[in-house]
Amino acid sequence: MIVDTHVHLDDERYAEDLEEVLARSREVGVNRWIIPGADPTTLERAVAIAEAHEDAFFAVGVHPYDAANYERAQMERFIEHPKCVAVGEIGLDYYRLPEREEAIAAEKKLQHEVFIDQIDLANRYDKPIIVHIREASRDAQTVLEAHAGEQGGVLHCYNADHELLSLAERGFYYGIGGVITFKNARKLVEVFPMIPEDRLLIETDGPYLTPHPYRGERNEPAYCELIAVKMAELSGMPLAEMQRICRENTTRLFGI
C-alpha cells in the first residue's frame, strides 16, 4: 500500500469527480491520502473530505503565498480534529517576490513571521510540519533549526538542495514527487541516493507536478505508483521494497 502524503483533494479541479479519482487511486494500491492546508478558504472542504473518507486525512496550515490571510484561530479550530495529522504546508517562497526593495523586505518579513508562528502551533500541539521551500533554502533551514520541534516534519517536494540534507538528523523527511520522473530532473536524480531510506516519502502534490508520461495533465493520487517505480529504479531495489519503506516512514511521521 502507498500513501499519497501530499495531495490537494480540496482543489476545485477535483470537485466534479473526486470519487472517481479516489477509486482509481485504490485500484493501484494508493489507499491513503493526506490533504495539506494551503489556501485557508478551502480548509473546511479538506476537513469534510477527511470526515467522509476513512482513509483521508488533513493538515492545517497556510502556504507562504497566502501568508497575509493567516489566522491562527482558524488553525486552532481544527488542529485537534482526529483526522488532523500535521501542520502545513508552511514555509518560505521567494519565487514571486514584489519588484520594489521595500515591498520585498515586507513580504519576506511576513512570510517569516507566519512560518514561525505555525511552527510554534505545531510544537504546542505536537504535530509534525509539512514544509514548502522555494528559492529560500538557507533562510528556511535557519528557521527550522531555530524553531522546529522534536516531532520533525517533511520537506514537501524536496528541491534537491544539498544543504537541506542535514535536516534528516533533526527528524525531517523528504517528499519525492513527480519531478523525479522528469527528463530535466538531473539534480534531484543525483541527490536522491544521498537521502537516507528511512527518510523517504511519496507524494503527488496533485493536481500539480504530474509525473511523466502524463506531464501537462491533471495530477492525481494514482500516479504515486509511477513515482515509486522511479524511486525503486534509482535505489536499485524491488518496487515492493520501496513501497514498504515509504509506507513505514509515513506511519512513523504521521501516525497513520
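Read on for a plain summary of the structure. Along each chain, residue indices are assigned from 1 in the same order as the chain's sequence is written. Given that this is a predicted model, residues contribute local features only at a pLDDT of at least 70 and side-chain atom pairs are listed and counted only at 80 or more, while totals for whole chains, interfaces and linings are drawn from all residues. Side-chain metrics in this entry use all non-hydrogen atoms of the structure; hydrogen atoms and water are not considered.

## Details of the overall build of the protein chain
Line of reasoning, step 1. Working definition: helices are DSSP H or I runs of at least four residues, strands are E runs of at least two. Numbering for both runs from the N terminus. Scanning the protein chain from N- to C-terminus turns up eight helices and eight strands.
Line of reasoning, step 2. For a compact globule the rule gives 2.2 Å times the number of residues to the power 0.38, and the radius of gyration it is set against comes from C-alpha atoms. At 17 Å, the protein chain has a C-alpha radius of gyration in line with the 18 Å of a compact globule built from 256 residues.
Line of reasoning, step 3. Along the longest, intermediate and shortest principal axes, the C-alpha atoms of the protein chain span 50 × 40 × 35 Å.
Line of reasoning, step 4. Residue contacts are defined here by distance: any two heavy atoms, one from each residue, within 4.5 Å place the two residues in contact. For the protein chain, the share of sequence-separated contacts (at least 6 apart) that also reach a separation of at least 24 residues comes to 72%.
Line of reasoning, step 5. Only the protein chains shown count as cover for residues, with accessible areas throughout obtained via the Shrake-Rupley method and a probe of 1.4 Å. Accessible surface computed for the protein chain: about 11600 Å², of which carbon and sulfur atoms make up 46%.
Line of reasoning, step 6. The positive count covers Lys and Arg only, the negative count covers Asp and Glu only, and His and the chain ends enter neither. Think of each charge as sitting on NZ of Lys, CZ of Arg, CG of Asp or CD of Glu. Taking the average place of the 27 positive charges on the side chains of the protein chain and the average place of its 46 negative ones, the gap between the two points comes to 2 Å.

## So, helix H8 (residues 239-254)
Line of reasoning, step 1. By this rule, a helix spans an expected 1.5 Å times one less than how many residues it contains. Its 16 residues give H8 an end-to-end C-alpha distance of 22 Å, which sits within 8% of 22 Å, the value for a rise of 1.5 Å per residue.
Line of reasoning, step 2. Taken together, the buried positions of H8 are Met242, Gln243, Ile245, Cys246, Arg247, Asn249, Thr250, Leu253 and Phe254.
Line of reasoning, step 3. Of the residues flanking the end of H8, it is Gly255, one or two places downstream, whose phi is positive at about 75°. Accessibility here uses a 1.4 Å probe with only protein chains present; expressed as a share of the type maximum, an area under 20% marks a residue as buried, one over 50% as exposed, and anything in between as partly exposed.

## Quick notes on the packing of helix H7 (residues 224-235) against H8
Line of reasoning, step 1. Axis lines are fitted to C-alpha atoms, over the contacting stretch for helices. Their N-to-C directions set the angle, which ranges from 0 to 180 degrees. Two numbers describe how H7 lies on H8: the axes approach to 9 Å, and their chain directions differ by 105°. Considering the angle they form, H7 stands roughly perpendicular to H8. When H7 is examined against H8, the residues Ala228, Val229, Met231, Ala232 and Ser235 are found in contact with a partner set consisting of Leu239, Met242, Gln243 and Cys246. An angle counts as roughly parallel when it lies under 35 degrees, as roughly antiparallel when it exceeds 145, as roughly perpendicular when it falls between 65 and 115, and as oblique in every other case.

## A closer look at the pattern of salt bridges
Line of reasoning, step 1. The term salt bridge refers to a pairing of a side-chain nitrogen on Lys or Arg with a carboxyl oxygen on Asp or Glu at a separation within 4 Å. In the structure shown here, the tally under the stated rule is 17 salt bridges.
Line of reasoning, step 2. Between Glu113 and Lys109 there is a salt bridge, with the nearest N and O atoms lying 2.5 Å from each other. Of this pair, Glu113 and Lys109 both sit in helix H4 (residues 101-125), separated by four residues, roughly a single helical turn.
Line of reasoning, step 3. When its relative accessible area of 42% is taken as the criterion, Glu113 is described as partly exposed.
Line of reasoning, step 4. When salt bridges with common partners are traced through the structure, they connect Arg72, Glu76, Asp117, Asp120 and Arg124 into a single cluster.

## Notes on H4
Line of reasoning, step 1. Relative to the 36 Å expected for 25 residues at 1.5 Å per residue, H4 spans 37 Å between its end C-alpha atoms, a close match to the ideal helical length.
Line of reasoning, step 2. Every buried residue of H4 is listed here: Ala103, Gln111, Val114, Phe115, Gln118, Ile119, Leu121 and Ala122.
Line of reasoning, step 3. Buried residues along H4 sit in contact with helix H3 (72-78), strand S4 (84-93), strand S5 (129-134) and helix H5 (137-147).
Line of reasoning, step 4. At the exit of H4 stands Asp126, carrying a positive phi of roughly 55°.

## Side note on the packing of aromatic side chains
Line of reasoning, step 1. Stacked, tilted and edge-to-face pairs are distinguished by plane angle, under 30 degrees for stacked and over 60 for edge-to-face with tilted covering the rest, among Phe, Tyr and Trp rings (Trp via its six-membered ring) whose centres lie within 6.5 Å. With the rule as written, the count across this model stands at two aromatic pairs.
Line of reasoning, step 2. Both rings, one in Tyr158 and one in Tyr174, keep their centres 4.9 Å apart while their planes meet at 75°; by these two values the pair is edge-to-face. Highlighted residues: Tyr158 in the loop between strand S6 (153-155) and strand S7 (172-176) and Tyr174 in strand S7, separated in sequence by 16 residues. As far as burial versus exposure is concerned, Tyr158 and Tyr174 are alike and both buried.
Line of reasoning, step 3. Both rings, one in Tyr214 and one in Tyr223, keep their centres 4.7 Å apart while their planes meet at 5°; by these two values the pair is stacked.
Line of reasoning, step 4. Sitting over the ring of Phe57, Lys83 keeps its end group 4.9 Å from the ring centre. Here, a charge over a ring means that NZ of Lys or CZ of Arg falls within 6 Å of the ring centre while also lying within 35 degrees of the ring normal.

## Let's talk about the nonpolar core
Line of reasoning, step 1. Residues grouped as a nonpolar core are buried Ala, Val, Leu, Ile, Met, Phe, Trp, Tyr and Cys residues, joined through side-chain atoms within 4.5 Å. Ranked by size, the top nonpolar core spans 68 residues in total, and within it Phe58, Leu144 and Leu155 carry the most contacts.
Line of reasoning, step 2. One finds Val3, Ile34, Val85 and Ile256 within the second-largest nonpolar core, a separate group that totals 13 residues.

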